[in-house]
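Chain residues, written in single-letter form:
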Amino acid sequence: MEENSYDCIIIGAGPGGLQAAIHLARYNRKVLLVDHGGGRTRHALYIENYLGLEIISGKELVDTGIRQIKSFGAEFRQEHVVSVRAGDGFTVITVKGQYRAPYAIVSAGAVEHPPEIKGMNRFFSRTVFTCVDCDGYRTTGKKLVILGDSLDAMRLAFAMRQMFTPDITLILPAGLMPDDHAELLAEDGIVFLVGSPQKFCGDAVLVGVKLASGQEVACEVVMLSYDYTLNDSCLVGLDLARDGNGAQIATDPGCETSIKNLFALGALKAGKAQAIIAAGQGAMVGIEINHRLLEL
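Residues numbered from 1 in each chain as written. Predicted model: local features only at pLDDT ≥ 70, side-chain atom pairs only at ≥ 80, totals over all residues. Heavy atoms only, no water.

Caption draft 1: Fine view of the overall build of the chain. The secondary structure content of the chain amounts to 8 helices and 18 strands. Taking 19 Å as the expected radius of gyration for a compact globule of 296 residues, we find that the chain reaches 21 Å, a close match to that expectation. Put simply, the chain has 296 residues, and 47% of those count as buried. Counted over contacts in the chain with a minimum sequence separation of 6, partners at least 24 positions apart contribute 58%. When the accessible area of the chain is evaluated, it comes to approximately 14400 Å², of which 50% is carbon and sulfur surface. Looking at charge distribution, the chain has the averaged site of its 27 positive side-chain charges lying 7 Å from that of its 34 negative ones. (Helix = DSSP H or I, 4+ residues; strand = E, 2+ residues; numbered from the N terminus. Rg over C-alpha atoms; globule rule 2.2 N^0.38 Å. Buried < 20%, exposed > 50% of the residue type's maximum accessible area, 1.4 Å probe, protein only. Contact = heavy atoms within 4.5 Å. Areas by Shrake-Rupley, 256 points an atom, 1.4 Å probe, with all protein chains shown as cover. Lys, Arg positive; Asp, Glu negative; His and termini not counted. Charge placed at Lys NZ, Arg CZ, Asp CG, Glu CD.)

Caption draft 2: Representation of helix 6 (residues 152-163). Taking 1.5 Å of rise per residue, the 12 residues of helix 6 would be expected to cover 16 Å, and the 17 Å separating its terminal C-alpha atoms lies within 8% of that figure. Every buried residue of helix 6 is listed here: Ala 153, Met 154, Leu 156, Ala 157 and Met 160. Down the axis of helix 6, the buried set is contained in an arc of 155 degrees. They therefore lie on one face. In the core, the buried residues of helix 6 are packed alongside helix 5 (132-135), strand 10 (144-148), strand 11 (168-172), helix 7 (179-187) and strand 16 (221-225). (Expected span 1.5 Å × (residues − 1). Arc of directions from axis to C-beta.)

Caption draft 3: Highlighting a nonpolar patch on the surface. The grouping of Leu 51, Ile 276 and Ile 277 at the surface amounts to a nonpolar patch, some 280 Å² of accessible area in total. With respect to the helices and strands, the residue Ile 277 is situated in helix 8 (residues 275-295). The exposure class assigned to Ile 277 is partly exposed, which follows from its relative accessible area of 33%. (Patch = residues over 30% accessible without salt bridge, like charges linked within 9 Å, V, L, I, M, F, W, Y side chains within 5 Å. Salt bridge = Lys/Arg side-chain N within 4 Å of Asp/Glu carboxyl O.)

Caption draft 4: Layout of the pairing of strand 10. Among the 5 residues that make up strand 10, 5 are buried, leaving the element largely enclosed by the rest of the structure. Neither face of strand 10 is exposed, since Leu 144, Ile 146 and Gly 148 on one face and Val 145 and Leu 147 on the opposite face are all buried. Looking at chain direction, strand 10 and strand 11 are connected through 4 bridges and run parallel. Bridge pairing in strand 11 places Ile 146 opposite Leu 170. Where strand 10 and strand 16 come together, 5 bridges link them in parallel fashion. In the strand pairing of strand 16, Leu 144 is matched with Val 221. (Pairing = 2+ DSSP bridges.)

Caption draft 5: Fine view of the sheet that holds strand 15 (residues 216-218). Taken together, the 3 strands give an open sheet; going across it, the order is 13-14-15, and neighbouring strands pair in antiparallel fashion. The open sheet has two edge strands, strand 13 (197-201) and strand 15, and neither has a second partner. Averaged over all pairs of adjacent strands, the angle between strand axes in this sheet comes to 25 degrees, irrespective of strand direction. Across 3 bridges, the pairing between strand 14 (residues 208-211) and strand 15 is antiparallel. (Axes fitted to C-alpha atoms, helices over the stretch in contact; angles between N-to-C directions.)

Caption draft 6: A look at the nonpolar core. If you look at the biggest cluster of nonpolar residues, it comprises 26 residues, and the most contacted ones within it are Ile 9, Val 84, Leu 235 and Leu 262. Where this core is concerned, the elements lending two or more residues are strand 1 (8-11), strand 2 (31-34), strand 4 (81-86), strand 5 (90-94), strand 6 (98-101), strand 7 (103-106) and strand 18 (262-264). Ranked by size, the runner-up nonpolar core spans 24 residues in total, among them Ile 22, Ile 66, Phe 76 and Tyr 103. (Core = buried A, V, L, I, M, F, W, Y, C linked by side-chain atoms within 4.5 Å.)

Caption draft 7: Examining the packing of aromatic side chains more closely. For the structure shown, the criterion picks out 1 aromatic pair. Here the aromatic rings of Tyr 6 and Tyr 99 are separated by 6.3 Å at their centres, their planes lie at 65 degrees, and the arrangement is edge-to-face. Linking Tyr 6 in the segment before strand 1 with Tyr 99 in strand 6, this pair joins segments that are 93 residues apart in sequence. Looking at Tyr 99, the relative accessible area reads 5%, which means it is buried. Above the plane of the ring of Phe 72 lies Arg 26, whose end atom (NZ or CZ) is 5.1 Å from the centre. The ring of Tyr 228 carries the charged tip of Arg 40 above its face, separated from the ring centre by 5.1 Å. (Phe/Tyr/Trp six-rings, centres within 6.5 Å; stacked < 30°, edge-to-face > 60°. Lys NZ or Arg CZ within 6 Å of the ring centre and 35° of its normal.)

As structure tokens, this is what we get:
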């Protein structure tokens, strides 16, 4: 093989990409994992629903995974992927070079887009959360504020009340909430306010959310319900099928996209996005690619 040629190139050092790299490297395949740094998993402070790990931070999980793949002989490069070209295999183009492989896996995740609220960095992932499946449990029995910019936040409020806490205040911008919807919230004991969050209040401990109007809403925890962007800009030149909403990449049950031998994992593909789910997908895809390599 040429120096820049691999059996498989993996984009993104999330749980899915790392697990795929572990499996392939342990088959003694030549594997390159390229990652630009960051990612939602790395920002998570508390991962508590991952089998075998009572609690671990996303940074610990990812850093351990990178050490693991290197120990099995996989190559790791921290580079920004500019584009991926398909045709007689795949060419992955980064800001530093070009790499080729007959198989490629994209597991680059997504980026959250919460509004700019003063104090966000102090409390984010500690008492200000973005994922019900990941962190909803940490709001159990606490005074909760839900912030959002769509009616998805209202549906979230009903779900949080059913699962975690009855003490909920929902805050949305003006003009979003129909009157009859507000009445439904009131019937369930959920307080609804119109406003724009400006600041998370408190020093070491979150004590409230200050609105642009000056009103301060007391709380112990916050759940955010805002949009996010997929890290799929490097795939723009590929004719990939998308799922029903046109955002996430459509795949078959084996995580293969509409382009043969190109796989998508985790948040990029349709379905639930959880660290342990992505890792399972990575294991499955790593095994499948090795089987295909054996048939070459």
